Each structure stands twice: as structure tokens, then as C-alpha cells.
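Listed here are the chains, written in short residue letters.
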Amino acid sequence: MVIKINDIPPEGLTLELAQRLDLFDEGKDTTAFTAVFSLKPAGGARIRVTGRVKAEPALDCSRCLKSFAFTIDTEVNFDFAPLSSLGANPEHELDRGELDTEFYEGDEIDMVSVAKEHLLLAIPMVSLHSPDCKGLCPVCGTNLNDAECTCRKDARDEFNKFSKLKDLFKK
């Protein structure tokens, strides 16, 4: 949903979104999300945005590759400012006031892309379906959460290039 900056009244505007989006740019709108945004003019051309975004995207476990639903419920709290407010040289060191500021060009803001950005920021860098996930055997690829593999323990160490480092500290 695209909002025109000039259409935001002085008392503010509340938006409720409930739709699907292509969170990981795979060509399919597979992630359903809900969002509630409150947009209020904050002086000049700045817009104060607060709200909440919720979704349950399907992620793959980083250890065993099992697909699982990850619950996201994140708060949104930042200012939108026009890109022109940076002046002629937009490359400069950010001060404290700019850390919670996003910039827009033109006279419109796409709120679906705001929701998408905050959902992506809420996903952990290493996603695990369970903290005690055992992962895959590096030799045969067996999912160690489902079954024990028949690989010898020392064969796993031979496969792992870093296993030589453990002997370094024994001396």
C-alpha cells in the first residue's frame, strides 16, 4: 500500500495491513503478515512511524535444513525524512538523531516494503528449529535429530579440516 505524504492529515493516520508478500524474493507471495502503522507528521516533511508487524515465515534450520515456521512480532518506531534533507552530500557520518531515521524520495511511501524490511531485520542470522538441533552428519548427511548414522567418530574428524587444531592445544 502506497501512501502519499500530502494525504497524511495533521492528526495522523492509522493503517492496518493484512496480506501476503514475497519475503525472500523467490517469486511467490508465501508469507502472510499483519501490520498496524501509525503515521503522524513530525515537523517539516518528517513523518513519525510507530506500530507493529507480525508474521510466521517458513525458515530452514541452519544445522539440519528442516523447514519450520518462525514467529515474528516486532515493534516499529522510526522517523521518515526526505532524502533531500541530507543536503548535497548524502555520504556523511550519522549522528544520534539519524540512527532511527529512514529516508524517502518523491512524495510517496510504500508501507508494504516498510513491513518487509522490518520482518527481514527480525529474522536471526542463524535460524534453528530447536536450540538443541544436532544437525547433519558431515560424512554421510544423515539428519542426526532423526537417527544415528553408522559413520565412525574418527571418520567424522578426518572429514573436518579443523579437527587438526584440537591436537595443537594438547601439547
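For the structure, see preceding data.
Residues numbered from 1 in each chain as written. Predicted model: local features only at pLDDT ≥ 70, side-chain atom pairs only at ≥ 80, totals over all residues. Heavy atoms only, no water.

Our next topic: the sheet that holds strand 2 (residues 13–21). The 5 strands lie next to each other as 2-3-4-7-8, forming an open sheet whose pairing is mixed. This sheet does not close on itself; its edge strands, each paired only once, are strand 2 and strand 8 (101–104). Averaged over all pairs of adjacent strands, the angle between their axes in this sheet comes to 30°, without regard to strand direction. With 9 bridges connecting them, strand 3 (residues 31–41) and strand 4 (residues 47–55) associate as antiparallel partners. Across the sheet, residue L39 finds its bridge partner in strand 4, namely V49. In the packing of helix 1 (residues 111–122) onto the sheet, the strands contacted are strand 2, strand 3, strand 4, strand 7 (72–82) and strand 8, and the crossing angle to strand 7 comes to about 130°. (Pairing = 2+ DSSP bridges. Helix = DSSP H or I, 4+ residues; strand = E, 2+ residues; numbered from the N terminus. Axes fitted to C-alpha atoms, helices over the stretch in contact; angles between N-to-C directions. Contact = heavy atoms within 4.5 Å.)

The next thing to look at is the environment of V36. As for its placement among the helices and strands, V36 is situated in strand 3. Distance from V36 to K54, taken between C-alpha atoms, is 9.1 Å for residues 18 residues apart in sequence.

A cluster of nonpolar side chains, contributed by L165, L168 and F169, occupies part of the molecular surface with about 370 Å² of accessible area. If you trace the backbone, L165 turns up in helix 3 (residues 165–168). (Patch = residues over 30% accessible without salt bridge, like charges linked within 9 Å, V, L, I, M, F, W, Y side chains within 5 Å. Areas by Shrake-Rupley, 256 points an atom, 1.4 Å probe, with all protein chains shown as cover. Salt bridge = Lys/Arg side-chain N within 4 Å of Asp/Glu carboxyl O.)

Turning our attention to the nonpolar core. F33, F37, L39, V49, V53, F80 and M111 are the most contacted members of the largest nonpolar core, which totals 32 residues. Elements that contribute at least two residues to this core include exactly strand 2, strand 3, strand 4, strand 7 and helix 1. The element contributing the most residues to this core is helix 1, with 5 residues. Not counting residues within four places of it along the chain, the set of residues in contact with F33 comprises L17, A18, Q19, L21, V53, K54, A55, V112, A115 and L119. (Core = buried A, V, L, I, M, F, W, Y, C linked by side-chain atoms within 4.5 Å. Buried < 20%, exposed > 50% of the residue type's maximum accessible area, 1.4 Å probe, protein only.)

Applying the stated criterion to the full structure yields 2 aromatic pairs. Ring centres of F80 and Y104 lie 6.0 Å apart, and the angle between their planes is 85°; this geometry places the pair in the edge-to-face category. Of this pair, F80 sits in strand 7 while Y104 sits in strand 8, placing them 24 residues apart in sequence. Each member of the pair F80 and Y104 is classed as buried. Among the aromatic side chains, those forming a connected cluster through ring pairs are F78, F80 and Y104. (Phe/Tyr/Trp six-rings, centres within 6.5 Å; stacked < 30°, edge-to-face > 60°.)

Below, the discussion takes up unusual backbone geometry. One non-glycine residue, D25, adopts positive backbone phi at about 50°. Mapped onto the fold, D25 is located in the loop between strand 2 and strand 3. On the accessibility criterion, D25 (60% relative accessible area) is exposed. In this structure, L65 is a non-glycine residue whose phi angle is positive, near 70°. Following the sequence through the fold, L65 ends up in the loop between strand 5 (58–60) and strand 6 (67–69).

In total, this model carries 6 salt bridges according to the counting rule given. One salt bridge in this structure joins K4 and E108, with 2.9 Å as the shortest N-O distance. Separated by 104 residues along the polypeptide, K4 in strand 1 (residues 2–4) and E108 in strand 9 (residues 108–110) bring together distant segments of the chain. When the shortest N-O distance is used, the salt bridge between R48 and D79 registers 2.7 Å. A residue pair is termed long-range when its members are at least 10 positions apart, and R48 in strand 4 and D79 in strand 7 qualify at 31 residues. On the accessibility criterion, R48 (30% relative accessible area) is partly exposed.

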